[in-house]
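Listed here are the chains, written in short residue letters.
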Amino acid sequence: MTMAKRTLESFYKPISKPKKPRIEDTPPSSYSRHPSYPFPIADLPPSIANALPDLPATTPRRITNQPHLDLLYYQPFIPPTTARELFHFLRRELPFYRVQYTIRRGSTTTQITTPRFTTVFGVDDTSIFTPSPNTSNSTLVDSKTHTPIPSTKYKSTPRPIPPCLDALRHRVEAATDGTAYNFCLVNYYASGDDSIAYHSDDERFLGPNPCIASLSLGAKRDFLMKHKLTEGVEAAPVKMSLAEGDMVVMRGETQANWLHSVPKRRGGEAWQGRINITFRRGVVPAGTENYYRYNVGEGRVYRWSEEEERMVESC
Ligand SMILES: O=C(O)CCC(=O)C(=O)O
Ligand SMILES: [Fe+2]
């Protein structure tokens, strides 16, 4: 075994002891458990939880200057210090997936790997998790009869929104005219190579004129919108540079008429990673199946490693 080299100078300097964290800096984390979670999910630390009642940080700008477009733009919804802390917290504490699926066109099948990490919590309007102060006890019941859901109702395993995201949901609901959201989808774009292609968020699952609230944390990325272009409609494309803490709410006829995307990006700060959280209200079981199929899938669970500074397979 070789001894670690020390410079001559260092022999005359006292070796600094690693700093012991002060008790008040590191309150013990509490965790929420549920049989559907791959591991317990931490609750928000007081430094973030105590900042939530002050949201939104600004009043939104309403954008309706294009046909069928109805957006609310908060710049920001969450102020910088809290947004930074929330970004690191969620990246570290949530389970993520890199979903693979195949698409069949005629006789050819193509294997697709979703070009970002995803995760989802929630269940559509026809079912509800029984409210319980302890997440681990909450079970799925019919939202009308309150009788237990038969295990055959869903192929997927719906998961209750963990308290750390539920607290955020309450603030977002209060800010968006009391819209009740029952789904929380989270995307993690690890670098500029990660993206989401042009799409609209399907009316079939969300009902007509759905309201979708979309929060950005971490690296700034472009959010592009273009009209689906029905005959005789002239609409200019929209480009927004979404910064940490910003929130865009898409409402009214927006989903029915516009597509949106986050394109791949060279350079900039994209390599630092970006989290996007969308809150939505699913109305039919098919929506639940679709969201779990494409945002959780059946593959491996990933978890952020502070040591390796990347998503690693969780054991
Ligand atoms: O990352 C974003 O800002 C958009 C995400 C999105 O459109 C989606 O998850 O449906
Ligand atoms: Fe979307």
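Below: a short report on this structure. (Residues numbered from 1 in each chain as written. Chains lettered and ligands numbered in written order. Predicted model: local features only at pLDDT ≥ 70, side-chain atom pairs only at ≥ 80, totals over all residues. Heavy atoms only, no water.)

1. Considering the coordination of the iron ion (ligand 2)
Thinking step 1. Donor atoms from the polypeptide that coordinate the iron ion (ligand 2) comprise H199 (NE2), D201 (OD) and H260 (NE2), at 2.1 to 2.3 Å from the metal.
Thinking step 2. Sequence positions of the residues that donate to the iron ion (ligand 2) give the spacing H-x1-D-x58-H. Both residues of the pair, H199 and D201, belong to the buried class. (Donors = N, O, S within 2.8 Å, 3.2 Å for Na, K, Ca; no water. Buried < 20%, exposed > 50% of the residue type's maximum accessible area, 1.4 Å probe, protein only.)

2. Considerations on helix α7 (residues 285-295)
Residues spaced three or four apart along an α-helix face the same direction, because each turn holds 3.6 residues.
Thinking step 1. Turning to α7, its buried residues are G287, T288, Y291, Y292 and N295. The buried residues of α7 occupy an angular sector of 125° when projected down its axis, which confines them to one face.
Thinking step 2. Of the surrounding secondary structure, the elements contacted by the buried residues of α7 are β7 (117-122), β10 (183-189), α5 (203-206) and β17 (274-280).
Thinking step 3. Phi turns positive one or two residues past the end of α7, at G297, with a value near 65°. (Helix = DSSP H or I, 4+ residues; strand = E, 2+ residues; numbered from the N terminus. Arc of directions from axis to C-beta. Contact = heavy atoms within 4.5 Å.)

3. As for the pairing of strand β15 (residues 247-250)
Thinking step 1. Side chains M247 and V249 of β15 all project onto a buried face; the interleaved residues V248 and M250 project onto the opposite face, where all are buried too.
Thinking step 2. Examined bridge by bridge, strand β4 (residues 71-74) and β15 share four bridges and lie antiparallel to one another. Of the residues in β15, the one forming a bridge with L72 is V249.
Thinking step 3. In the sheet, strand β12 (residues 212-218) pairs with β15 via four bridges, with the strands oriented antiparallel. Bridging from a neighbouring strand, L215 pairs with M247 of β15. (Pairing = 2+ DSSP bridges.)

4. Quick notes on the packing of aromatic side chains
Thinking step 1. For the coordinates displayed, the defined rule picks out ten aromatic pairs.
Thinking step 2. Taking the centre distance of 5.0 Å and the plane angle of 85° together, the rings of Y101 and Y294 count as edge-to-face. Placement of the pair is Y101 in strand β5 (residues 100-105) and Y294 in helix α7, with a sequence separation of 193 residues.
Thinking step 3. What makes Y101 partly exposed here is its relative accessible area of 21%.
Thinking step 4. An angle of 70° between the planes, with centres 5.0 Å apart, marks the rings of F183 and Y291 as edge-to-face. With F183 in strand β10 and Y291 in helix α7, the pair connects residues that are 108 residues apart, well separated along the chain. Accessibility classification places F183 together with Y291 in one group, the buried group.
Thinking step 5. Chaining the aromatic ring pairs together yields one cluster made of F96, F117, Y188, Y302 and W304. (Phe/Tyr/Trp six-rings, centres within 6.5 Å; stacked < 30°, edge-to-face > 60°.)

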